[in-house]
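What follows is the residue order along each chain.
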Amino acid sequence: MMIFDVLTLFPDMLVSPLQESILGRASKQQLLQVRLHNLRDWAEGKHQTTDDTPYGGGDGMVMKPEPVARALAQLKSKSPRAKVLLMTPQGTPFSHQHACELAKEEGLIFLCGRYEGFDERIRQTLIDAEYSIGDFVLTGGELPTLVMIDAISRFIPGVLGGSDSAEIDSFSDGLLEYPQYTRPAVFKGMAVPEILLSGDHGKIARWRREQQLVRTWQRRPDLLQTAPLSADDLKILEQLQRPVSGTEEID
Ligand code: 4FV
């Protein structure tokens, strides 16, 4: 069972998202467990101080190293092989691939920052990896932690139930997803593409692959640099690049 330990000053922020829907069911089915820990429990003094002013001056507060070091020592004593992860805008951009890899770990310990972040000596000595969920600044590491726990949990066998598996969704083949449709066949005058009603699964699969390529080419051409593409895919992409004279379909 995958164990997620979360070290945070605001454990209550994470409670309900982890109790609902797929993650909630997976916890009940003992496919994963999330243990929330309040960093303040390892802080000293009557005020249990966890932050202090930055050396060299400047705004904001920095999280003190000692409470974090004590907390991680205790958590690692229970999960010696767990990886310690820090969420920070300076981290490696978190991706589908990372989620897939991290799901193979026995345990993960998430360190949630607040204020201006942690004393640098924490990063240098106690962190196995740093991840960013995007080039923007949040008020804390709790939401990035929830994002990562959600993405990673989808790779844990049984979490997504039945046929639905993380291996067949966006980015699993390096491309964006194809458009999805469901009843009604016509909505506000917009009809579902005929081919999807044809029952010809070969044609449908080809159409869906074309849609993935078109959508990726239009929205995330950077992904085409790394996605494994077949000769067929390349032919389709080459047609996309060719300036269209009339309204010809992709043949
Ligand atoms: C963040 C991000 C992020 C920075 C200071 C928490 C905040 C505070 N984490 N991806 N973007 N963290 O903005 O992961 O400690």
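Look up: the structure comes first, before these words.
Residues numbered from 1 in each chain as written. Predicted model: local features only at pLDDT ≥ 70, side-chain atom pairs only at ≥ 80, totals over all residues. Heavy atoms only, no water.

(A) The arrangement of the packing of aromatic side chains in detail. Applying the stated criterion across every chain, the model contains two aromatic pairs. On the numbers, 6.0 Å between centres and 45° between planes, the contact of F4 with F110 is tilted. With a gap of 106 residues between them, F4 in strand β1 (residues 2-8) and F110 in strand β6 (residues 107-111) connect regions that are remote in the sequence. F110 shares its class with F4; the two are buried. Judged by centre distance (5.9 Å) and plane angle (80°), the rings of F94 and Y131 are edge-to-face. On the criterion of sequence distance, the pair formed by F94 in the loop between β5 (83-93) and α4 (96-102) and Y131 in strand β7 (residues 129-132) is long-range, its members being 37 residues apart. Pair check on accessibility: F94 and Y131 agree, each one buried. (Phe/Tyr/Trp six-rings, centres within 6.5 Å; stacked < 30°, edge-to-face > 60°. Helix = DSSP H or I, 4+ residues; strand = E, 2+ residues; numbered from the N terminus. Buried < 20%, exposed > 50% of the residue type's maximum accessible area, 1.4 Å probe, protein only.)

(B) Expanded view of the pattern of salt bridges. Here the structure, examined in full by the defined rule, presents 15 salt bridges. A salt bridge links R81 to E106, with the nearest nitrogen and oxygen atoms 2.7 Å apart. Of this pair, R81 sits in the loop between α3 (65-78) and β5 while E106 sits in the loop between α4 and β6, and the two are 25 residues apart along the sequence. With its nearest N and O atoms 3.4 Å apart, the salt bridge here joins R123 to E120. Separated by three residues within a single helix, R123 and E120 lie in helix α5 (residues 120-126), roughly one turn from each other. By relative accessible area, which is 14% here, R123 ends up buried. What you see here is one network of salt bridges that share partners, running through E120, R123 and E130. (Salt bridge = Lys/Arg side-chain N within 4 Å of Asp/Glu carboxyl O.)

(C) Region of interest: the nonpolar core. F4, L85, L102, L108, F110, M148 and I152 are the most contacted members of the largest nonpolar core, which totals 27 residues. When residues of this core are traced back to their parent elements, those giving at least two are β1, α1 (12-19), α2 (21-28), β5, α4, β6, β7 and α6 (142-153). It is α6 that provides the largest number of residues to this core, a total of four residues. Dropping the residues within four chain positions of it, F110 is found in contact with F4, D5, V6, L7, L85, M87, T145, M148, I149 and I152. Counting 17 residues, the second largest nonpolar core, distinct from the first, contains M63, V68, A82 and I127. (Core = buried A, V, L, I, M, F, W, Y, C linked by side-chain atoms within 4.5 Å. Contact = heavy atoms within 4.5 Å.)

(D) Geometry of α6. With twelve residues, α6 extends 16 Å between its outermost C-alpha atoms, agreeing within 8% with the 16 Å of an ideal straight helix rising 1.5 Å per residue. For α6, every residue scored as buried is listed here: E142, P144, T145, L146, M148, I149, I152 and S153. (Expected span 1.5 Å × (residues − 1).)

(E) Here's a closer look at the environment of G91. You can see G91 is positioned in strand β5. For G91, a relative accessible area of 13% gives the class buried. When neighbours within four sequence positions are excluded, G91 is seen to be in contact with E130, Y131 and S132.

(F) Up close: a nonpolar patch on the surface. Among the surface-exposed residues, F10, M13, F136, L138 and L143 lie close enough to one another that they form a single nonpolar patch of about 430 Å² accessible area. On the secondary structure map, L143 appears in helix α6. (Patch = residues over 30% accessible without salt bridge, like charges linked within 9 Å, V, L, I, M, F, W, Y side chains within 5 Å. Areas by Shrake-Rupley, 256 points an atom, 1.4 Å probe, with all protein chains shown as cover.)

(G) Examining the site of the ligand more closely. The environment of the ligand is made up of 17 residues, and the closest members are G113, I133, G134, F136 and L138. R114 has a polar backbone atom sitting 3.3 Å from an oxygen atom of the ligand. Residue G134 places a main-chain N or O atom 3.1 Å away from a nitrogen atom belonging to the ligand. Protein chains shield 95% of the accessible area of the ligand, which is 370 Å² for the free molecule. When residues of the shell around the ligand are traced back to their parent elements, those giving at least two are β5 and β7. The biggest single contributor to the shell around the ligand is β5, with three residues. Classifying every residue of the shell around the ligand gives nine nonpolar, seven polar and one charged. (Near = heavy atom within 4 Å. Polar contact = N/O pair within 3.5 Å; in protein donor to acceptor, adjacent residues only side chain to side chain. Nonpolar A, V, L, I, M, F, W, Y, C, P; charged D, E, K, R; others polar.)

(H) Structural view of the packing of helix α7 (residues 201-219) against helix α8 (residues 231-241). Their axes nearest at 10 Å, the elements α7 and α8 cross at an angle of 50°. Classed by the angle they form, the pair α7 and α8 counts as oblique. The two elements α7 and α8 meet at a crossing, and its hand is right-handed. Of the residues in α8, those touching α7 at R206, R209, E210, L213, V214 and W217 are D232, D233, I236, L237, L240 and Q241. (Axes fitted to C-alpha atoms, helices over the stretch in contact; angles between N-to-C directions. Parallel < 35°, antiparallel > 145°, perpendicular 65-115°, else oblique. Left-handed = near helix turned anticlockwise from the far one by under 90°.)

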